[in-house]
Amino acid sequence: RGKMLNGTRCIKKLYLQYCRHGGSSLGMREVLIGEELQNWSKKNPQVEVVPLLKPSQHPHLHAEYSNGSKRAICVRKYNPNDIFKHIDYLANKRPVNRSWRKPSHRHTTKNPSIQGFWDVDVWQSNGPVSNKSVQQNAEQ
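Reference entry: report on the structure contained in this document.

About the thresholds
Residues numbered from 1 in each chain as written. Predicted model: local features only at pLDDT ≥ 70, side-chain atom pairs only at ≥ 80, totals over all residues. Heavy atoms only, no water. Pairing = 2+ DSSP bridges. Helix = DSSP H or I, 4+ residues; strand = E, 2+ residues; numbered from the N terminus. Axes fitted to C-alpha atoms, helices over the stretch in contact; angles between N-to-C directions. Contact = heavy atoms within 4.5 Å. Buried < 20%, exposed > 50% of the residue type's maximum accessible area, 1.4 Å probe, protein only.

Considering the sheet that holds strand β3 (residues 11-18)
Then comes step 1: If you walk across this open sheet you meet the four strands as β4-β3-β5-β6, and the pairing is mixed. Edge strands, defined here as strands with exactly one partner in the open sheet, are β4 (48-53) and β6 (70-74). Within the sheet, the average angular offset between the axes of one strand and its neighbour, ignoring direction, is 20 degrees.
Then comes step 2: The sheet contact formed by β3 and β4 spans six bridges and is parallel. If you follow Y18 over to β4, its bridge partner there is L53.
Then comes step 3: Packing of helix α1 (residues 26-33) onto the sheet brings it into contact with β3, β4 and β5 (60-65), and relative to β3 it is tilted by some 125 degrees.
Then comes step 4: Packed on one face of the sheet, helix α3 (residues 80-92) meets β3, β5 and β6 and runs near 15 degrees to β5.

Pasting the structure below:
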């Protein structure tokens, strides 16, 4: 489920970011050298696999989907089998669709705070204002 949308794969590009010398990129370098990545790319010809050399950076998998959305997973110090699990995870995920989300609104509640709302004038120069002094001022 989620692999296909209208008969085509949702994922378009898969970037394999790695460092040439970093120890955390060892598993990613093994993935790039091995034959499993070539076999995976032959099974998925619609996905463009791009190795991306970034010195002094931890390895990441970046996926770009057909609707323009992106996902990234850090694969620092992962072995090749775990990296392929994440590659399959990204390939099988549906793209993120954030167009349906409404803009955030202020938090409202049916049970207001007993202490009242926070105000800038709560702490005055002569100390905090207690609830009793606020009530006395309201009665006057």
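Remarks on unusual backbone geometry
Then comes step 1: Here S56, not a glycine, exhibits a phi torsion of approximately 60 degrees, which is positive.
Then comes step 2: Along the chain, S56 turns up in the loop between β4 and β5.
Then comes step 3: Overall, the relative accessible area of 69% leaves S56 in the exposed class.
Then comes step 4: Non-glycine residue K77 carries a positive phi angle of around 60 degrees.

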